[in-house]
Amino acid sequence: MGLTSHKVLALSALLSVLAVAGTVWVWPRLAGRGWRAVLGRLGTVVGTQLAVLCTLALLANNSFAFYSSWDDLLGTGDDGPVTIQNQLLGRTPAVQTLAAENVRDTGATGRAPEQVGRLERVRLPGASTGLATEGYVYLPPQYFRPEYQGRRFPAVIAITGFPGDAKNLVTKLNYPSVQFKLAEQGRAKPTVLVLMRPSPAMPRDTECEDVPGGPQADRYFSADVPAALRASYRIAEGPGSLGVIGNSTGGYCALKLAMRHPDVFAAAVSLSGYYKAAEDPTTGDLFGGDGARRDQADLEWRLAHLPAPATALLVGGSREGDGDYYGQTERFRAAAKGTPTKVSAITLDSGGHNFTTWSRMLPASLGWLAGHLADPS
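Below is a short write-up of the structure. All values reported here derive from a predicted model rather than from experimental measurement.

## Description of the sheet that holds strand S5 (residues 192–196)
- Taken in spatial order, the nine strands make up an open sheet running S1-S2-S3-S5-S4-S6-S7-S8-S9, and their pairing is mixed. The two strands at the open ends of the sheet, each matched to only one other strand, are strand S1 (96–101) and strand S9 (342–350). For this sheet the average axis-to-axis angle between neighbouring strands, irrespective of direction, equals 20 degrees.
- In this structure, strand S3 (residues 132–139) lies alongside S5, joined through three bridges in antiparallel fashion. Bridging across to S5, Tyr 136 finds its partner in Leu 195.
- Helix-sheet contacts for helix H8 (residues 249–260) involve strand S4 (155–159), strand S6 (242–247), strand S7 (267–271) and strand S8 (312–320), and the interaxial angle to S6 is about 150 degrees.
- Of the strands in this sheet, S8 and S9 touch helix H11 (residues 325–336), which is tilted by about 150 degrees from S8.

Given below as structure tokens:
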């Protein structure tokens, strides 16, 4: 049974209830003063606490999707990033298709690609960085229709939060279904989706930075991934060909990538993203002790001290329930006023730092992003 399986959660909850009931049942028998009675009481208390804590941890993980599998939690298995063999460096290796996945909740009557599109689990290689990570590519149904043959499509890179898996963007936010329905309703143009983790060097949180002497995550997302996609799919080039969106850490990455590379990304959306690179045990030293690099990773600082890029950004979140997100966002929007960087906002009265809140904002966010992308051509 998988880590996020409802059966695992139900089993853990049942064991917790039995542990509490068992403790109540045996407690009178452990009322003595001998060492056996003391150890018995201690054992029942510890066992009950552990059972309840495990259930709460599973509930939290299912809600926020920190880990999508036992391998993801334990750091085992073969789903992590790999290093490209040296002979590939300097070339543009193709995206490797690992498996086909079902496109869920489209409302379409069939499953043929020209009806619902195709969702592929892939490995995305990096020719210049030697990095790679797994993710998903969703090809819209128009990609397979005769009238679109030979046309190239815009693409959106979607980045989840750390340490979440790209699978969360399918199971929790269901990007393919949202994009499919928007296009069917005429609220978005046919677009290829690329669903990714925020770090190509797991378990390290790179914050989409080019780390001195370490993983070059910025270059991976801004150069390697677009090149690999264009080498493998009919992805457009030039203005309006790429957008980027993300939640939490992915939101910060999306904003930073668009601000640093407006020639690559036409626009960016941040859902409950922050504006300054995190620094904690998961990141390590991202800047090699260089204060200037640290400042440049602060998006508000960039607007105040560097030429503001001519790009469009959308920031989404809630006034209450998401820490200091609202205050940070208002400061960022104020810093962008009067500059070539145009910042729009989706603000909910209440919500939180969770997939439920982001799901509420996703249709409008993808619709906004579509307005900054080119038509298939």
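## Description of the state of the cysteines
- According to the stated counting rule, one finds one disulfide in the structure shown.
- The residue that forms a disulfide with Cys 208 is Cys 253, at a sulfur-sulfur distance of 2.1 Å. Because the torsion about its S-S bond is 100 degrees, the bridge between Cys 208 and Cys 253 counts as right-handed. A residue pair is termed long-range when its members are at least 10 positions apart, and Cys 208 in the loop between S5 and helix H7 (217–232) and Cys 253 in helix H8 qualify at 45 residues.
- Overall, Cys 208 belongs to the buried group, its relative accessible area being 0%.

## Re H8
- Taking 1.5 Å per residue as the helical rise, H8 with its 12 residues ought to reach 16 Å, and the 16 Å between its terminal C-alpha atoms agrees with that figure.
- Extensive coverage of H8 is indicated by the burial of 11 of its 12 residues.
- Along H8, the residues that are buried comprise Thr 249, Gly 250, Gly 251, Tyr 252, Cys 253, Ala 254, Leu 255, Lys 256, Leu 257, Ala 258 and Met 259.

## Quick notes on the packing of aromatic side chains
- In total, this model carries seven aromatic pairs according to the counting rule given.
- Seen in terms of ring centroids, Tyr 143 and Phe 144 are 5.3 Å apart; in terms of plane orientation they differ by 65 degrees. Their pairing is edge-to-face.
- Every member of this aromatic cluster is reached through a ring pair, and the members are Tyr 143, Phe 144, Tyr 148 and Phe 153.
- Between the NZ or CZ atom of Arg 151 and the centre of the ring of Tyr 148, over which it lies, the distance is 4.8 Å.

## What about the pairing of S9?
- Examined bridge by bridge, S8 and S9 share eight bridges and lie parallel to one another. Paired with Val 315 across the strands is Ala 345, a residue of S9.
- Remark: the S8/H11/S9 crossover connection has right-handed handedness.

## Here's the deal with the pattern of salt bridges
- A complete count under the given rule lists 14 salt bridges for this structure.
- In this structure, Arg 123 and Glu 134 form a salt bridge, with 2.9 Å as the shortest nitrogen-oxygen distance. Note that Arg 123 is positioned in strand S2 (residues 118–125) and Glu 134 in strand S3, a separation of 11 residues in sequence.
- Relative accessible area serves as the criterion here: at 14%, Arg 123 is assigned to the buried category.
- A salt bridge links Lys 256 to Glu 209; the nearest nitrogen and oxygen atoms lie 2.6 Å apart. Taken together, the residues Lys 256 in helix H8 and Glu 209 in the loop between S5 and H7 connect sequence positions 47 residues apart. Like Lys 256, the residue Glu 209 is buried in the burial classification.
- A network of salt bridges, in which partner residues are shared, links Glu 101, Arg 121, Arg 123 and Glu 134.

## So, the environment of Thr 339
- Secondary-structure assignment places Thr 339 in the loop between H11 and S9.
- Along the primary structure Thr 339 and Pro 307 are separated by 32 residues, whereas in three dimensions their C-alpha atoms are 8.7 Å apart.
- There is a polar contact of 2.7 Å between the side chain of Thr 339 and the backbone oxygen of Ala 336.

## Section: a nonpolar patch on the surface
- Together, Val 20, Val 24, Val 52, Leu 53, Leu 56 and Leu 59 give the surface a local cluster of nonpolar side chains, amounting to about 510 Å² of exposed area.
- Secondary-structure elements contributing two or more residues to the nonpolar patch are helix H1 (6–26) and helix H2 (35–64).
- No other element matches the four residues that H2 contributes to the nonpolar patch.
- The topology assignment puts Leu 53 in helix H2.

## Re unusual backbone geometry
- Each neighbour pair has its own omega, and for Phe 162 with Pro 163 the value is 5 degrees, a cis peptide bond.
- Its location among the elements puts Pro 163 in the loop between S4 and helix H5 (168–171).
- Cis geometry marks the peptide bond from Met 202 to Pro 203; its omega dihedral reads 10 degrees.
- Assignment of secondary structure puts Pro 203 in the loop between S5 and H7.
- Within the chain, Glu 207 stands out as a residue other than glycine whose phi angle is a positive 55 degrees.
- Within the element layout of this structure, Glu 207 appears in the loop between S5 and H7.
- In this structure Glu 207 comes out as buried when scored by relative accessible area, which is 0%.
- The phi dihedral of Ser 272 falls on the positive side, at around 55 degrees, and the residue is not glycine.
- Mapped onto the elements of the fold, Ser 272 is located in the loop between S7 and helix H9 (291–296).

Rules of the game
- Residues numbered from 1 in each chain as written.
- Predicted model: local features only at pLDDT ≥ 70, side-chain atom pairs only at ≥ 80, totals over all residues.
- Heavy atoms only, no water.
- Pairing = 2+ DSSP bridges.
- Helix = DSSP H or I, 4+ residues; strand = E, 2+ residues; numbered from the N terminus.
- Axes fitted to C-alpha atoms, helices over the stretch in contact; angles between N-to-C directions.
- Contact = heavy atoms within 4.5 Å.
- Disulfide = S-S within 2.5 Å.
- Buried < 20%, exposed > 50% of the residue type's maximum accessible area, 1.4 Å probe, protein only.
- Expected span 1.5 Å × (residues − 1).
- Phe/Tyr/Trp six-rings, centres within 6.5 Å; stacked < 30°, edge-to-face > 60°.
- Lys NZ or Arg CZ within 6 Å of the ring centre and 35° of its normal.
- Right-handed = clockwise from strand over helix to strand, strands pointing away.
- Salt bridge = Lys/Arg side-chain N within 4 Å of Asp/Glu carboxyl O.
- Polar contact = N/O pair within 3.5 Å; in protein donor to acceptor, adjacent residues only side chain to side chain.
- Patch = residues over 30% accessible without salt bridge, like charges linked within 9 Å, V, L, I, M, F, W, Y side chains within 5 Å.
- Areas by Shrake-Rupley, 256 points an atom, 1.4 Å probe, with all protein chains shown as cover.

Function cannot be read off these values alone, since they describe shape.
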